[in-house]
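An overview of the molecular structure
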Amino acid sequence: MRISQLLPVALFALLTMLTAPAGAADLLATCTPQSETGGEKILCQLRTVSGARLQEVKAVDGDGRPVPLSYEPYSWTSQRTAVYFLVQTSDLSAEQLRRVSQFLERAAAPVGKRIVGVATLDHSLTEKAALGAYRLNISRVVQEIASATPTRAYPELTDHLRDPVDKLAKVEAERRALVIVSDGASAANAGTERELSDLAREKGVAIYNLILSKTDRPQSAALNRIAEKSLGATRDLSGGSFADVVKLATDVFELIENGGTVDISARGLPKDVELTLKASLDGDKQVAADPVVVTRLTQDSFVDRMMDLGRRNMLAIVAGLGVALGLLLILGSVVLPRLRRRKDAEADFEPDVADVDSEPGQLEETGASQATEIVMKSWTSNAAPLGWLELLGGEQARIPLHVGSVRVGRHRENEVCLLNNSVHRRHAILHVAQDGTFSIHDLGTKNGVSVNGKRVDQHNLASGDVIELGEVKLRFLVNADAIVARPAS
């Protein structure tokens, strides 16, 4: 090919690179129509592969016209996230099994409105904790994996993904994710890849492929492609350190729960509307998602279509009204004087004429402070507690704290029930980790959670901290002897 022929090709390639939306692959969008009493809406879940925070979210239609929207950042305390962990336990050494269990201990935390399930895979798929299991149940599964005996089973992961996807699809949640924890060794033909990725997208389930262990089996790209096509992601830490695994356990929910919900009124949009969502990330990086085609459930009324037509042709209508007004002024200057003179003439011949305008679950308004009664569920653990909660101003016994999640609130289903009207039915969760780390999480309440007088959403506790839930004050104390004597995990 001659240089004169190469030049146009090079120019075309350069223009394509310059006009392509930057970072398009990092922004993911799924949109569904929803019919409501006030009119049809289009709800889009928007997030990034990297977990970066979104700013200045916008939308345009297929013709590039801006589409009005409202954007609400995702919150795990008010919106439900359903996550199912599928864990490979065969072909791993004892050390690798402990590595996997340490990841799950930190990642599989059902706090806020998150619901979690766990299944293991060796010779077959076994559900260990159903979706919605309590933290204590999941902790027992984690310990079971940590102490499991290594086996050789050569599982084919792609043969066992349909059942977890179906389980997640039956759960009412804003975000659904299947998290695969394995050595990444799984094969699938093109038909199976397409079937699994299509199934996951149809059910609204994002697949995350986390490779935490390296075995003698060769890795394949099948799971990577399935994760990408289902709008999930792949993270390979098979050669990473323990610190890398801990960081991934902390970041995994940021990958699933970043971004937010986009609410678009469908009024005025065509039956099949193409939407492109755009945003800027931290550092002003501009990104755009792939266009999404949404088929509306309803059709606008005749009046709405006419109003939309008017909005789209506002300039022409204003110009037409201006011309019509000018003509009216001209006609008025000629006709009105004549009509006035005629009326005056007729009036000369007319004679004179005599002028003959606490719902269930809501907090009650309280005046003076009231006495608080604590109702506490019994603990089955024989081990010494890692800490206590004390009611300030009360004479009741200390509340012992063991490893797990302790729900605190006014409802009697909580592990710690505080009978005080200023406390919400489900107010907070206090999490006790294996390593003796304590943290408290506000469940999105109106009265909130304060630690040492400062309101917090979540906070790592230190011995002596004063926790306020409404008007109830509790002092947190650490059992240093129990934590020192506790064996390392």
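This is a predicted model, so every value here is computed, not measured.

What follows covers the nonpolar core. F85 and F103 are the most contacted members of the largest nonpolar core, which has 34 residues in total. Of all elements in the fold, only β5 (81-88), α2 (94-107), β6 (114-121), α3 (135-146), β8 (175-182), β9 (206-211) and α7 (242-257) reach the threshold of two or more residues within this core. Counting residues per element, this core draws most heavily on α7, at 7 residues. For F85, the contacting residues outside a window of four places in its chain are F103, L104, A107, A108, V116, G117, V118, A119 and V179. Among the nonpolar cores identified, the runner-up in size contains 27 residues, and V423, I440, V449 and F476 belong to it.

Attention shifts here to the pairing of β9. With 6 of its 6 residues buried, β9 lies for the most part within the structure. Covered by surrounding structure in β9 are A206, Y208 and L210 together with I207, N209 and I211, the residues of both alternating faces. In the sheet, β8 pairs with β9 via 6 bridges, with the strands oriented parallel. Within β9, the position partnered with S182 by the bridge is I211. With respect to chirality, the unit in which β8 leads through helix α5 (residues 190-203) into the neighbouring parallel β9 is right-handed. Pairing of β9 with strand β10 (residues 233-236), which is carried by 4 bridges, proceeds in the parallel orientation. Within β10, the residue paired with Y208 across the bridge is A233. Regarding the hand of the β-α-β motif, the stretch spanning β9, helix α6 (residues 222-229) and β10 is right-handed.

Our focus in this paragraph is empty space enclosed by the protein. The probe, sized like a water molecule, is rolled over the atoms to show the empty space still left. Estimated volume of the largest cavity: approximately 60 Å³. Of all the secondary structure elements, the ones that give two or more residues to the lining of the largest cavity are α3 and β20 (428-432). Ranked by residues supplied to the lining of the largest cavity, first place goes to α3 with 4 residues. Tallied by class, the residues present in the lining of the largest cavity amount to 4 nonpolar, 5 polar and 2 charged. Considered as a void within the structure, the second largest cavity measures approximately 40 Å³ in volume. Taken together, L389, V408, L430, I440, I467, L469 and L474 make up the full set of residues lining the second largest cavity. Of the residues contributing to the lining of the second largest cavity, the split by class is 7 nonpolar, no polar and no charged.

Attention now moves to the sheet that holds strand β23 (residues 454-456). Sheet strands line up and pair through hydrogen bonds in the backbone, either parallel or antiparallel. If you trace the 6 strands from one edge of the open sheet to the other, you get β17-β16-β26-β25-β22-β23, paired in antiparallel fashion. Both outer strands of the open sheet, β17 (399-401) and β23, are each paired with one neighbouring strand and no more. Going from strand to strand, the sheet's axes swing by 30° on average, the running direction of each strand aside. With 3 bridges joining them, strand β16 (residues 387-391) and β17 adopt antiparallel strand pairing. Bridged to W388 within β17 is P400.

With that out of the way, let us pick up the pattern of salt bridges. On inspection of all chains with the given rule, the structure shows 20 salt bridges. When the shortest N-O distance is used, the salt bridge between E40 and R296 registers 3.5 Å. Note that E40 is positioned in the loop between β1 (27-34) and β2 (41-48) and R296 in the loop between β14 (292-295) and α8 (302-312), a separation of 256 residues in sequence. Accessibility expressed as a relative area gives 8% for E40, which makes it buried. By relative accessible area, R296 is classed as buried at 5%. For K41, the salt bridge is made with D263, and the minimal N-O distance between the two is 3.5 Å. Taken together, the residues K41 in strand β2 and D263 in strand β11 (residues 260-265) connect sequence positions 222 residues apart.

Moving on, we get to the packing of aromatic side chains. One pass over the full model with this rule turns up 1 aromatic pair. Above the plane of the ring of F253 lies R114, whose end atom (NZ or CZ) is 4.0 Å from the centre. The ring of W388 has R398 sitting right over it, with the charged end atom 4.7 Å from the ring centre.

Read from one edge of the open sheet, 6 strands run β15-β19-β18-β20-β21-β24, paired in mixed fashion. Here the strands that pair on one side only, and so sit at the sheet edges, are β15 (373-376) and β24 (458-460). Between one strand axis and the next, the sheet turns by 15° as a mean value, whatever way the strands run. Two strands pair when backbone bridges link them, and strand β21 (residues 438-442) and β24 are joined in this way by 3 bridges, in the antiparallel orientation. Pairing of H441 across the sheet is with Q458, part of β24.

Thresholds applied
Residues numbered from 1 in each chain as written. Predicted model: local features only at pLDDT ≥ 70, side-chain atom pairs only at ≥ 80, totals over all residues. Heavy atoms only, no water. Core = buried A, V, L, I, M, F, W, Y, C linked by side-chain atoms within 4.5 Å. Buried < 20%, exposed > 50% of the residue type's maximum accessible area, 1.4 Å probe, protein only. Helix = DSSP H or I, 4+ residues; strand = E, 2+ residues; numbered from the N terminus. Contact = heavy atoms within 4.5 Å. Pairing = 2+ DSSP bridges. Right-handed = clockwise from strand over helix to strand, strands pointing away. 1 Å grid on protein atoms, 1.4 Å probe; cavity = no way out; pocket = protein on both sides within 12 Å on 5 of 7 lines; lining within 4 Å. Points joined across faces, edges and corners; volume = space filled by probe spheres on them. Nonpolar A, V, L, I, M, F, W, Y, C, P; charged D, E, K, R; others polar. Axes fitted to C-alpha atoms, helices over the stretch in contact; angles between N-to-C directions. Salt bridge = Lys/Arg side-chain N within 4 Å of Asp/Glu carboxyl O. Phe/Tyr/Trp six-rings, centres within 6.5 Å; stacked < 30°, edge-to-face > 60°. Lys NZ or Arg CZ within 6 Å of the ring centre and 35° of its normal.

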